[in-house]
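Below, each chain spelled out in residue letters.
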Amino acid sequence: MDLFASESPNRGLPIDYTPVKAPFFEPERIILAKGSMETEIRRRFVESIISLYPGALVIDRRDIPHNKVSFDEKNPVERLAAGKKTLVFGEHKSAVRFSDEEGNTCPNYWHFSPYGFCPYGCKYCYLAGTLGVWHSPTVKIFVNIEEIVEQIDKIAKKLSSPTAFYVGKLQDGLALDPLTGFSKVLVPFFAAHEFARQVILTKSDSVENLLNLEHKGKTIVTWSLNPPEIAEKYEENVPSIERRMEAMKKCAAAGYPVRAVIMPVIPVDNWETLYGPFVKKLVSEIPLERLTIGGICIYKNARRLMENKIGAKNCISGQIDKATESEDGRARYYSETRHKMYHLISRIVQETNPETTVALCLEEPDVWEKLGLTNNLGRCNCVL
Ligand code: SF4
């Protein structure tokens, strides 16, 4: 019996859940930041996760908030590597936010953060270059989940129309679920809510907790993918594409709406021969509701980290349009490259499964127009 699938779902920490190790994550340091042990329930929750890592050094820093954990490493690449081995428990008082997109066609949307950052190692990671993560690149679990859920409830009731709350903008939405069991709180909460809907973005294949929950189609699960040959080269310490696709099939069989995001597309030399068959396989094997495509959208610091890992001469940097900085400040591929890659992918999706909606992420209006996709504006991944 699922204890959390009742009429009035539990909104607090899933204390009856037995944590299991999250694949691809082996913390060496665990930091207890402000608020992490404030109540008996929080203490039990945190200690049950700590017990999985007996070799990790546990440091009590309840004098500082989660985002002030500092590092001796001055070199940003070393600091990032150390951060990925550091798990921080804390509380996040402003975990539910409205996005602030300007200079592109993305609709603004609500997003929330039960976690911060992620344990995976994508070489193109844009998040690693954002201000907060740059200085304190730790993997975070926020224990004030009850407050976060209550904020979502309040906002959704005020909006009084079906609204998506997206988890995956500032973290991987599912990678740490084996540790926390948060899905056992979140999925039933959204299932029972009149207006709030959940959209999860992930590269994880840890879907076991999701499969037996009553979701009522109000949680949408999205996987970030690329052709396997490209993922192997540019994504380190991440579940393989095969494993992600298996997880997608399991969630689709359990009735969850399933979406995919291919972003960033990566213009390797023979990209046509990789993207063509991969997209065809993806769309024929998985009943995708939507597929959203995007290029690289990288700020300076993230690019610096990426070039440190793969060298300055790489096929991503080589296609970045130096002459024109995009209006929203993100460096992008040449528009011809984007157009060619999006065109091939959208054509294959439309030919293989016309039911799947194709949309673009963080793109400019003329790119949508050239591809004949303007009817799908606003039907992209982070929104309903
Ligand atoms: S999954 Fe997302 S947040 Fe995590 S390393 Fe990859 S790009 Fe960065």
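Below you will find a few notes about this structure. (Residues numbered from 1 in each chain as written. Predicted model: local features only at pLDDT ≥ 70, side-chain atom pairs only at ≥ 80, totals over all residues. Heavy atoms only, no water.)

**Some thoughts on the overall build of the protein**
So, point 1. Counting its regular elements, the protein contains 13 helices and 15 strands.
So, point 2. In terms of overall dimensions, the protein is globule-like: its C-alpha atoms have a radius of gyration of 20 Å, near the 21 Å expected for 384 residues.
So, point 3. Across its three principal directions, the C-alpha atoms of the protein cover 55 × 50 × 35 Å.
So, point 4. Among the 384 residues that make up the protein, the fraction classed as buried is 59%.
So, point 5. Long-range contacts, defined here as pairs at least 24 residues apart, represent 79% of the contacts in the protein between residues at least 6 apart.
So, point 6. When the accessible surface of the protein is summed, it comes to about 16400 Å², and 50% of that surface belongs to carbon and sulfur atoms.
So, point 7. In the protein, 49 side chains carry a positive charge and 49 a negative one; their mean positions are 2 Å apart. (Helix = DSSP H or I, 4+ residues; strand = E, 2+ residues; numbered from the N terminus. Rg over C-alpha atoms; globule rule 2.2 N^0.38 Å. Buried < 20%, exposed > 50% of the residue type's maximum accessible area, 1.4 Å probe, protein only. Contact = heavy atoms within 4.5 Å. Areas by Shrake-Rupley, 256 points an atom, 1.4 Å probe, with all protein chains shown as cover. Lys, Arg positive; Asp, Glu negative; His and termini not counted. Charge placed at Lys NZ, Arg CZ, Asp CG, Glu CD.)

**Side note on the packing of helix α10 (residues 271-285) against helix α12 (residues 335-352)**
Axis angle and axis distance: for two packed helices, these are the angle between their axes and the distance between the axes, and together they describe the pair.
So, point 1. One can describe the packing of α10 onto α12 by two numbers: an axis separation of 9 Å at closest approach and a directional angle of 30°. Judged on the interaxial angle alone, α12 and α10 are roughly parallel. The interaxial crossing formed by α10 with α12 has right-handed handedness. In this structure, α10 uses Trp-271, Glu-272, Tyr-275, Gly-276, Val-279, Lys-280, Val-283 and Ser-284 to contact α12, whose residues at the interface are Lys-340, Met-341, Leu-344, Ile-345, Ile-348, Val-349 and Thr-352.
So, point 2. Considered class by class, the residues forming the contact of α10 with α12 number nine nonpolar, three polar and three charged. (Axes fitted to C-alpha atoms, helices over the stretch in contact; angles between N-to-C directions. Parallel < 35°, antiparallel > 145°, perpendicular 65-115°, else oblique. Left-handed = near helix turned anticlockwise from the far one by under 90°. Nonpolar A, V, L, I, M, F, W, Y, C, P; charged D, E, K, R; others polar.)

**So, the side chain of Lys-140**
So, point 1. Mapped onto the elements, Lys-140 comes out in strand β8 (residues 139-142).
So, point 2. Despite its burial, Lys-140 remains without a salt bridge, the nearest opposite charge being carried by Glu-73 at 14 Å.
So, point 3. Within the structure, the side chain of Lys-140 is placed 3.4 Å from the backbone oxygen of Ser-136, a separation counted as a polar contact.
So, point 4. Here the side chain of Lys-140 touches Thr-138 through a polar contact of 3.1 Å, landing on its backbone oxygen. (Salt bridge = Lys/Arg side-chain N within 4 Å of Asp/Glu carboxyl O. Polar contact = N/O pair within 3.5 Å; in protein donor to acceptor, adjacent residues only side chain to side chain.)

**Here we look at α10**
So, point 1. Counted at 1.5 Å a residue, the expected span for α10 with its 15 residues is 21 Å, and the 21 Å between its end C-alpha atoms agrees.
So, point 2. Burial in α10 covers these residues: Trp-271, Leu-274, Tyr-275, Gly-276, Phe-278, Val-279, Leu-282 and Val-283. (Expected span 1.5 Å × (residues − 1).)

**A word on the pairing of strand β3 (residues 86-90)**
So, point 1. Counting buried residues in β3 gives five out of five residues, a clear majority hidden from the surface.
So, point 2. Burial along β3 is two-sided: Thr-86, Val-88 and Gly-90 and Leu-87 and Phe-89, pointing in opposite directions, are all buried.
So, point 3. Here β3 pairs with β8 via four bridges, running parallel. Following the sheet pairing, Phe-89 is matched in β8 by Ile-141. (Pairing = 2+ DSSP bridges.)

**A few points about the pattern of salt bridges**
So, point 1. Counted by the stated rule, this structure contains 23 salt bridges.
So, point 2. The closest approach of N and O atoms between Glu-289 and Arg-259, which form a salt bridge, is 2.6 Å. Residue Glu-289 is located in the loop between α10 and β14 (290-293), and its partner Arg-259 is located in strand β13 (residues 258-262); the two are separated by 30 residues in the primary sequence.
So, point 3. A relative accessible area of 33% places Glu-289 in the partly exposed class.
So, point 4. Classification of Arg-259 by relative accessible area gives buried; the value is 2%.
So, point 5. One salt bridge connects Glu-307 with Arg-303, and the closest N-O pair in it is separated by 3.0 Å. Of this pair, Glu-307 and Arg-303 are both found in helix α11 (residues 300-310), four residues apart, which corresponds to roughly one turn of the helix.
So, point 6. Since its relative accessible area comes to 21%, Glu-307 is described here as partly exposed.
So, point 7. For Arg-303, a relative accessible area of 24% puts it in the partly exposed group.
So, point 8. Here the residues in one salt-bridge network are Glu-38, Arg-42, Glu-91, Lys-93 and Glu-147, joined through shared partners.

**A look at the site of the ligand**
So, point 1. Around the ligand, the structure places Lys-84, Cys-118, Tyr-120, Cys-122, Cys-125, Leu-127 and Lys-203.
So, point 2. Its residues assigned to classes, the shell around the ligand shows five nonpolar, no polar and two charged. (Near = heavy atom within 4 Å.)

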